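# Tertiary structure, described
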Amino acid sequence: MRYQRVFILIVVGWYLILALGHYFNQRPLWNDEWCVLNSIIDLKPAQLFTQPLLNDQAFPRLYLWVIQQFSKPFNQSLLSLRAFSLLAMIGAFFVWFGISRRVLRNSWDLILFIGCWCGSIPLVYYAAELKPYSMDVLISGVIVLFLLDQNKIQHNSKDYRTILLFLPLLGLWSYPANFLLLFPLYNLIVDCINKRRWLVELSFYLFGYAFVLGLVYWFDLRVSVQHLLAVYWHDYFISFDSWKNFLNTFGKGMNSLIARQFAENPRWIKVPSRIFIGMGVGYMLLAFWNQYKKDRFVLRSIISISFAMFLLQLVLAVVQAYPFAVPRMSLFFAPLLLLMTMMVMDFIRERNKVWGTILKIIFAGYLIFISLGIAWDVFIRGDLGAEATLYSTHVSIN
C-alpha cells in the first residue's frame, strides 16, 4: 500500500503539472475565445444579462460576468481570463478523484483512473481555455457526489432540505447542470412514491429548481440567439427521419463518444480508445438493469447514474435540445466513461487474473504514450491544442 500511495501522489502531481504547464504557457486565444472576449470587453455588466452575446456565442451569463469582473483589473490578461477554467478543472479533478476512491476497489485501478486524466487531451486542454467546459466537469461531479450520498444526507433533515434548496443554483454556472439536476428530482419523486406521501424535501427542491430555471430562461435563454444549436450542431442530433438517418446519426455519435476521449491525432490513436471506452460503455449497458433493481430503482450507484446520464443525452439529442457526443460539450460525461472503463477491466480481472492484468498493462502503456505526447506539446512546443497531433513539431490550429 505504501508504494501504491506513492504512485497515486506521483500521478496526481503529473496531472497538475500538465494542467498548470498548459495554463502558464499562455497559449494565444483562438477564434471562439476571441469571440467570448469581445463580449467581456464590449458589453456592460447589465448587457450580459439582457442581450445576445456577441459573435453567436453561448456562455452561462453569471459565470461570464464573474470572469468579466475578475479579469478587468488585470486588463483581460490571458491568465486572468482563464483562471476560473483552471480552478474549475482542478476542482473537478479532486471531486472525481474522491468519487473514484469510493467506487474503485483496487488501488491500481485508482492509479489508472487518475492516469486517464493525464492521458486525456480534453481534460488537460480545457483547464486553460476561455470556455465553460471545465465548469461542466466540476458541476457534474458535484451532482454525482450528491446522488451517491443522498441516502445518507437525508438522515439530517435540516441539512438535507438546505442542500436541496440551494443545489439547483449550480444551473446558473453550467448549461448541462440544468439537465443533470433532473436526477435528484427523480430520486425525490421515487422517494415520495415509496413513502406514499408528498415530502417537504420535494417542495424545497422544486422551488429551488423552478427559481433557477426561471432565472436561466429570463436572463440567458430568452435573450440568446435561438438558432445556435441548429446551425452549429445539427450534425450531432439524432434523426428519426428514416432508419438510415437514425443509424448514421446514432452511429456517428457513439463513435465520437468512445473514440475521442483521449486524443484525436494521429488517427490511429482513436482505435484503442474505441476498444477500451467501448468496453466500458458495453459494461454499463449490460450491468445497468441488475444494479438499478438492486438500488430499488433510484439513482445512487455509479452504474445507474452513468446509464441515466447516457440515456438523458440521447433523449436531448433526439428532441434537438442538446447535441450528442460533441467532445467538449459532453466533457461532463467523460469521467463516468473512464470509471466504467476501469470497472469493466476489474470485472475481467476478477474472472481471469492473467488476461485482466495484461489488459490493464496495455491500457497503462496507451495512457503513458498519450500523456507524454501531451507533455511534448505543453513543454516542448508550448502549444497544446484541443485536437493536437501527438509528438508533432507543427503548431496546431483550432
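Structure report, in brief. Fair warning: this is a prediction, and the values are worked out from it, not measured in the lab.

### Here's the deal with the pattern of salt bridges
Think of it this way: side chains of opposite charge can pair up when their charged atoms draw near. If you walk through the whole model with that rule in mind, you get 17 salt bridges. Taking the shortest distance from any N to any O, the salt bridge between D220 and R61 comes out at 3.5 Å. Of the two residues, D220 sits in the loop between α12 (200–219) and α13 (228–232) while R61 sits in helix α4 (residues 61–71), which places them 159 residues apart along the sequence. As far as burial versus exposure is concerned, D220 and R61 are alike and both buried. Put simply, E201 and R161 hold a salt bridge, and the shortest N to O gap is 3.1 Å. One end of the pair, E201, is in helix α12; the other, R161, is in helix α9 (residues 157–166), and 40 residues separate them in sequence. Among the residues examined, E201 registers a relative accessible area of 11% and is labelled buried. Relative accessible area serves as the criterion here: at 28%, R161 is assigned to the partly exposed category.

### A closer look at the packing of aromatic side chains
All chains considered together, the criterion is met by 35 aromatic pairs. Between F7 and W108, the aromatic rings sit 5.5 Å apart at their centres with planes inclined by 55°, giving tilted as the arrangement. Pair noted here: F7 is in helix α1 (residues 2–24) and W108 is in helix α6 (residues 107–118), with a separation of 101 residues, a long-range link. Accessibility expressed as a relative area gives 40% for W108, which makes it partly exposed. Between Y292 and F297, the ring centres sit 5.1 Å apart and the planes meet at 85°, which makes this aromatic pair edge-to-face. Classification of F297 as partly exposed rests on a relative accessible area of 37%. A connected cluster of aromatic rings, assembled from ring pairs, spans F288, W289, Y292, F297 and F307. A cation over a ring is seen here: K252 above Y236, with NZ or CZ 4.8 Å from the ring centre.

Criteria and thresholds
Residues numbered from 1 in each chain as written. Predicted model: local features only at pLDDT ≥ 70, side-chain atom pairs only at ≥ 80, totals over all residues. Heavy atoms only, no water. Salt bridge = Lys/Arg side-chain N within 4 Å of Asp/Glu carboxyl O. Helix = DSSP H or I, 4+ residues; strand = E, 2+ residues; numbered from the N terminus. Buried < 20%, exposed > 50% of the residue type's maximum accessible area, 1.4 Å probe, protein only. Phe/Tyr/Trp six-rings, centres within 6.5 Å; stacked < 30°, edge-to-face > 60°. Lys NZ or Arg CZ within 6 Å of the ring centre and 35° of its normal.

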